[in-house]
Amino acid sequence: EEQATSLHILRPKGKWVVQEFVSGLETHIKDRDQFRNCLLPCAPVQGEGTRSEKMHFFLPSTKKPPAVITLLLEKLPEFFFDTVGTFGTNFPRLIVNQFKWLDKILDSKELVMKLMQMVSVSPAPIQHDIITSLPEILEDSQQSEVAREVSQLLKRDTRLTVPILDALSSLDLDAGLLAEVRQSAMIIVPAVKLEDLPVVIKFILHNVKAVDAVEVISALRKSLDLSSCILPLQILSSQRKLKSQPQTSSSQNCVKLLFDVIKLAVRFQKGISEAWIKAIENTISVSDHKVLDLIVLLLIHTTNTKSRKQIERVLRNKIPLGCLPEQLLQSAFQNHSLVIKDFFPSILSLAQTFLHSADPCVVSFGSCMYKQAFAAFDSYCRQEVVSALVTHVCGGNDVEVDISLDVLTDLVTLCTSSLIRYATFVKNVLDYTEKLNPQQIRKLFYILGELAFSQRQEDCYIQDDMHMVIRKWLSSTVPKYKQMGIIGAITVAGCMAGMYYPPVIGPSLQLSILLDLVSYCCEQSPEALALYYDELANLIEKQKGNLDSQILVFNHGAFLPCRLAGAKWLQRDWKCFSFLRFPCWVVECIKQTISSFSRIVSPECLSPSFRLLRLYTTEQHNGSMEEIDALLGCPLYLTDLEIERKLDSLAKQEREFLCSLLFHALNWFREVVNAFCQQQDLEMKGKVLTRLQNITELQNMLGKCLAASPGYVPPPAIFDCEALEAAPPVNAVGLVKKKKTGRENYPKILMQTICGQGFSRIAYDFKYLGSQQGKACRNIGFSHLCQRSSQEVAQCAVELLKPLCNHMENMHNYFQALITENQGVVDGPRVNIQEHQLMSSCYQQLLQAFRLLFAWSGFSQRENSDLLRSALKVLADKLKPGETEFLLLEDLISESFHYLLNFQHSVPNFQCALTLTQLLIVIAEKPMASWKKDKIASLAKQFLCQSWMQPSGMREKGSQFSNALHTLLCVYMEHTDNILKAVEDISSVGVPELINSVQIEKLLHWNVAVRDFHILVNLVKVSTFIFPSFHLPSRYGRLFVEAFLKLAMPLLDYSFKKHREDVQSLLKTLQLSTRQLHHMCGHSKIHQDLGLTNHVPLLKKSLEQFVYRVKAMLAFNHCQEAFWVGTLKNRDLQGNYTYIPSLWSSMGTHSQASSSPAITSLG
């Protein structure tokens, strides 16, 4: 052993010495302990410092590879299957370590060749050790060759990915080899193990030049898929549940390490962040965007402050296009929260910025960021999220307030226990309610009520604060505050009843006191009482089907206003409530509250009280209205309506009283139709149609009354608008706008009835869906609908699809029959213009309703996939009835597309054509197939080439038509397969044809005008003896000639070559008229009419300008030979030559000559 450990001091003394030494060494290292001692580093010699840690077995004088190296390499196979285990020492690693950092190797090429041969036959652990040691063994001249050989292993065995890339990253590679190895690494990215992924990504990003960065990163993001990391996380989650103790996820750590590698590259490598952003920007397809893109954008936003504005711009551009849907955001937070948590400051900053955006899609994305951050992060982050949301609410911006309150509502519903810890922050909003509208007040008190009464927190301080604010508002004489108090009180009452079931004595008394206060404060104000009824009805409608645990307040006193309709039988004893399922203690509280109500009720409370009654009846009897069916046919006592024929004889006060009477009657009938429109009894259906007829008649009558009552202020019908005391005046022009201030803004009757829903459930629903993806605005009259979520509205709309399809098919058949009857002529003699316009408007409304429904962004969410299938199934059933139950989604989309495509032959106007095309695009985008794209392009081209005529015979025109034309042209250019060919066709064929058709149309127009002018001039000539004055011909004849010069001559300049005969005919006809005008001038001189002194010179000047302008036009078109100028002598109206004395020289230079130039020939 002592001999072996001091071998480094030997000097060569001949070949026999080496052989003897190797032989002795071979015998010595047969013992594993002695071999281990030989391989371990040498101990330092005292006084000489640390000596070499390696045993140098090289003999410099020999020309062959040292025998000791060969001996060591031959020992490696002995440890192929016993690397560490038996002897506790990793002998292969110790052997390989002997070859590192040697001062000199006689034949290093031979050594490397033997090592590479050993790699090809060794087990994976030994391969790993040899490969990772190569950078410390190779000489500089060998690096490129060995690197190329090692890179081939990367393609053959992914198990060696980490050691190979680790070794290659330490070698000096030429650019070509580096690109080749990088490409090989890129190929194996999808198949590499999760724990090896950070090393691979680090190598790919290593030494990337700015020129190649975009290309490299674009390829990398296509290959890198984080979805492979989700399965290990899900397995770990299930293991945690079984073991009931937290564990560290190795998968999460690997993902975090992966993004740490990317973060280092972004921070320290120039151009990497810009390349990532550019690669994401260049991604066009929606389906190509990944969770990786979103996380990297957040990473860059956090790491590189200079790129933050650019990141915000990319996100603002991508979100509206659907490239970064909310599902992607949810996946990022749920599956990679450990990574994303490091980017929380950027998440909070982006969410705050997005809530200021004007784009509702961006705003929705920002709100989703808040919700996901609250659900995924720790208490500190949650507190910051709540603080940010409260700041938005207190900021005063309506959009931000609505979105923030919606987010808090979702959080209080899904994460009540977590949000309770931060209730103090939410309570502070009570100090900033001055700028909140009624709907926002309703949301705020729902949030506070849920927090205050959850988990039976009887002594919660939030309850005291809310009650104080509500009492203060209810006691106020300002209508706005009283309104806020009623809304807040009923909302809180609903929360109390929902949380305390079965009843608890304390809350029962508290609720009774609260309702007593509300009833006392409402009894003297009809508007407040009506709002109280509406709020109670809203609770029933909102908690439909959940009576056992929610307050569904309904009482005897609420029905009393119905007596105004002659329904005295509606008074019931309190025993009728014994069968109700809601808490009896709540009923008793309401009973005591209502007992003090006044029996004299304003007619403004009529419709709200009936709405309350019908919602209660529907809920208690599973939709049956038989209990109150007498109200459908009961008479409504009005004044003599014949008086509307004598409106002019009525005083202003009487006319306004009549308007108010009609308002109340219409609102009553509308509520009646809303109540009974879904009943299946034939007698009820007949009565509903009768009430619809009554509504139509009263609306027409109201229109006449409003026209005769300028400045009339209608009675309030919506009681939770922002200003009860400031109703806008209505005049005849604003009649349509006035309807939106009524109880409900109802669409046309054709879309309302028969399909099985009431007035307020068709156009409202679709308009609300549209407003979710359009401008965020509040419309008066939509307060009830705004309390429903977009999912509820979509569900209601899908239920209406079948009857709406029937209506649209009826529209299609109507216009098809009309086209057949008139032999394809739109403006045929049998077309009823008014009826055609009404049916076209209904057709447009139907198409728009379909488009708004299917364009709803919520259909892209997983939870709404079944709803989308239901909607598409309705359309597909029209083509394949009974065969769509098991069709795939793509097949349903195709069948629905073909069904809607059949309506292309019946669209009556261009606006309907555009809406149909947009509807088909919305359907086809789920997803867009190539054949659908071709169909849409073909349809758009068909509509663009079609001549659109109105029933009156006029072409469609105007700004609205131009905008629609531009939109459809953009659709065609977007969906055509060859945009350059399309541009060429439009430029070379379409535009010339369009110009030519316009020229022909204008030429025809001027031909008619010139012919009519000639007739009028001849009429003046013939009637000279009856009307001898020429003031009118001189004056208006000059104006016509001047208009012709200004408007018609430029048209003739460009139409002469293509329409020469038409232009010549037009000018010859006009020449006859101008000659007559010239004769009139001469005739006036003969009779010495001093009244024409100011007209004749100007007329003659215009006639001369006409002659020379025609000459210029012919010269412009190189046809001078068709024109020559002669001299017309002065003649009278009979054509006789006359002599004009010099008496008229005072009339001006234009009348001094006895003759003037004229066109005498136009050949």
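Looking up the protein in an unreviewed UniProt entry gives the name FA complementation group D2, with the organism given as Chelydra serpentina. Reading the Sequence similarities (unreviewed entry) entry of the UniProt record for the protein gives the comment "Belongs to the Fanconi anemia protein FANCD2 family." UniProt, in the comment section headed Subcellular location (unreviewed entry), describes the protein in these words: "Nucleus".

Draft legend 1. View of the overall build of the protein. Helix and strand counts for the protein come out as 50 helices and two strands. In the protein, buried positions account for 50% of the 1163 residues. For the protein, contacts bridging at least 24 residues in sequence account for 73% of all contacts bridging at least 6. Here the protein displays about 56300 Å² of accessible surface, and carbon together with sulfur accounts for 54% of that area.

Draft legend 2. Representation of helix H15 (residues 272-281) within the structure. Of all 10 residues making up H15, seven are buried, and the element is well covered by its neighbours. All buried positions along H15 are accounted for by Ile-272, Ser-273, Ala-275, Trp-276, Ile-277, Ala-279 and Ile-280.

Draft legend 3. Looking closely at the packing of aromatic side chains. Summed over the entire model, instances satisfying the criterion amount to 20 aromatic pairs. Relative to Phe-1040, the ring of Trp-1006 has its centre 6.4 Å away and its plane inclined at 65°; by these criteria the two rings are edge-to-face. Here the residue Trp-1006 occupies a position in helix H47 (residues 979-1022), and Phe-1040 occupies one in helix H48 (residues 1031-1055), the gap between them amounting to 34 residues. Classification of Phe-1040 as buried rests on a relative accessible area of 16%. Summarising the aromatic geometry, the rings of Trp-1006 and Phe-1044 are spaced 5.5 Å apart at their centres and angled 85° between planes, so their arrangement reads as edge-to-face. Taken as a pair, Trp-1006 in helix H47 and Phe-1044 in helix H48 lie far apart in primary sequence, 38 residues in all. Residue Phe-1044 is classed as buried on the basis of its relative accessible area of 1%. Through pairs of rings, three or more aromatic residues link up here, namely Trp-1006, Phe-1013, Phe-1040, Phe-1044 and Phe-1106. One Lys or Arg, Arg-382, reaches over the ring of Phe-374 and ends 5.4 Å from the middle of that ring.

Draft legend 4. Examining the pattern of salt bridges more closely. Inspection of the entire model under this criterion finds 21 salt bridges. With its nearest N and O atoms 3.2 Å apart, the salt bridge here joins Glu-890 to Lys-932. On the criterion of sequence distance, the pair formed by Glu-890 in helix H43 (residues 889-901) and Lys-932 in helix H45 (residues 930-945) is long-range, its members being 42 residues apart. For Glu-890, a relative accessible area of 30% gives the class partly exposed. Relative accessible area serves as the criterion here: at 0%, Lys-932 is assigned to the buried category. Linking Arg-955 and Glu-1001 is a salt bridge whose minimum nitrogen-to-oxygen distance equals 3.4 Å. With Arg-955 in the loop between H45 and helix H46 (959-975) and Glu-1001 in helix H47, this pair connects stretches of sequence that are 46 residues apart. One continuous salt-bridge network, built from bridges that share partners, spans Lys-873, Asp-877 and Glu-885.

Draft legend 5. Spatial organisation of the nonpolar core. Counting residues in each nonpolar core, the largest one holds 185 residues, and the members touching the most others are Phe-259 and Trp-276. The element contributing the most residues to this core is helix H30 (residues 526-542), with 10 residues. Ignoring anything within four residues of it in the chain, the contact list for Trp-276 reads Ile-217, Leu-220, Arg-221, Ile-262, Val-266, Leu-292, Val-296 and Ile-300. If you look at the next biggest cluster of nonpolar residues, it comprises 63 residues, including Leu-801, Ala-924, Phe-943 and Met-973.

Draft legend 6. Inspection of the side chain of Arg-655 at higher detail. Tracing the chain through its elements places Arg-655 in helix H34 (residues 652-676). Side-chain polar atoms of Arg-655 contact the backbone oxygen of Leu-650, separated by 2.6 Å. Not counting the four nearest positions on each side in its chain, Arg-655 is found in contact with Leu-647, Leu-650, Ala-708 and Ser-709.

Draft legend 7. Region of the structure containing unusual backbone geometry. Its identity is not glycine, yet Asn-622 carries a phi of approximately 55°, on the positive side. In this fold, Asn-622 is placed in the loop between helix H32 (606-620) and helix H33 (630-633). The exposed category is assigned to Asn-622, whose relative accessible area is 76%.

Draft legend 8. Representation of the packing of helix H39 (residues 790-799) against helix H42 (residues 865-876) in the model. Two elements in contact, H39 and H42, have axes whose closest approach is 9 Å; the angle formed by their N-to-C orientations is 20°. The orientation of H39 relative to H42 falls into the category roughly parallel. Crossing handedness for the pair H39 and H42: left-handed. Contacts between H39 and H42 involve Ala-794, Gln-795 and Val-798 from the former and Leu-867, Ser-870 and Ala-871 from the latter. Residues of the contact of H39 with H42, tallied by class, amount to four nonpolar, two polar and no charged.

Draft legend 9. The environment of Leu-1016, seen in detail. Relative to the helices and strands, Leu-1016 is located in helix H47. C-alpha separation for the pair Leu-1016 and Gly-1037, spaced 21 residues apart in sequence, amounts to 9.6 Å.

Draft legend 10. Spatial organisation of a nonpolar patch on the surface. Residues Ile-979, Leu-980 and Val-983 make up a contiguous nonpolar surface patch of about 280 Å² in total accessible area. Val-983 sits in the partly exposed class, given a relative accessible area of 38%.

Draft legend 11. Here's a closer look at the state of the cysteines. For the structure on display, the rule yields zero disulfides. Here Cys-659 is not disulfide-linked; the sulfur of Cys-705 is the nearest cysteine sulfur, at 4.9 Å.

Draft legend 12. Up close: H43. Given a rise of 1.5 Å per residue, 13 residues ought to cover 18 Å, and the 18 Å separating the end C-alpha atoms of H43 matches this to within 8%. Listed as buried for H43 are Leu-892, Ile-893, Ser-894, Glu-895, Ser-896, Phe-897, Tyr-899, Leu-900 and Leu-901. Residues of H43 that are buried make contact with helix H40 (801-821), H42, helix H44 (910-924) and H45.

Draft legend 13. Up close: the packing of helix H26 (residues 438-453) against helix H27 (residues 461-474). Axis separation between H26 and H27 bottoms out at 9 Å; the angle between their running directions is 145°. Between H26 and H27 lies a crossing whose hand is left-handed. Touching Ile-441, Phe-445, Leu-448, Gly-449, Ala-452 and Phe-453 of H26 are Ile-462, Gln-463, Met-466, His-467, Val-469, Ile-470 and Trp-473, all from H27. Residues that form the contact of H26 with H27 fall into these classes: 10 nonpolar, three polar and no charged.

Draft legend 14. Up close: the confidence of the model for the protein. Summarising the model, the protein shows a mean pLDDT of 76, and 75% of its residues fall at 70 or more. Low pLDDT, under 50, characterises residues 48-65; the stretch is placed with 36 contacts to residues that sit more than four places away or in other chains. Overall, residues 235-248 carries pLDDT values under 50, and its contacts beyond four positions in sequence, including any with other chains, amount to seven contacts.

Draft legend 15. Highlighting the side chain of His-812. Mapping His-812 onto the fold places it in helix H40. Ignoring any residue separated from it by four or fewer positions in sequence, one finds His-812 in contact with Tyr-843, Asn-902, Phe-903 and Ser-906.

Cut-offs used in this document
- Residues numbered from 1 in each chain as written.
- Predicted model: local features only at pLDDT ≥ 70, side-chain atom pairs only at ≥ 80, totals over all residues.
- Heavy atoms only, no water.
- UniProt positions renumbered as here; feature names shortened; annotations may be inferred.
- Helix = DSSP H or I, 4+ residues; strand = E, 2+ residues; numbered from the N terminus.
- Buried < 20%, exposed > 50% of the residue type's maximum accessible area, 1.4 Å probe, protein only.
- Contact = heavy atoms within 4.5 Å.
- Areas by Shrake-Rupley, 256 points an atom, 1.4 Å probe, with all protein chains shown as cover.
- Phe/Tyr/Trp six-rings, centres within 6.5 Å; stacked < 30°, edge-to-face > 60°.
- Lys NZ or Arg CZ within 6 Å of the ring centre and 35° of its normal.
- Salt bridge = Lys/Arg side-chain N within 4 Å of Asp/Glu carboxyl O.
- Core = buried A, V, L, I, M, F, W, Y, C linked by side-chain atoms within 4.5 Å.
- Polar contact = N/O pair within 3.5 Å; in protein donor to acceptor, adjacent residues only side chain to side chain.
- Axes fitted to C-alpha atoms, helices over the stretch in contact; angles between N-to-C directions.
- Parallel < 35°, antiparallel > 145°, perpendicular 65-115°, else oblique.
- Left-handed = near helix turned anticlockwise from the far one by under 90°.
- Nonpolar A, V, L, I, M, F, W, Y, C, P; charged D, E, K, R; others polar.
- Patch = residues over 30% accessible without salt bridge, like charges linked within 9 Å, V, L, I, M, F, W, Y side chains within 5 Å.
- Disulfide = S-S within 2.5 Å.
- Expected span 1.5 Å × (residues − 1).
- pLDDT = per-residue confidence, 0-100.

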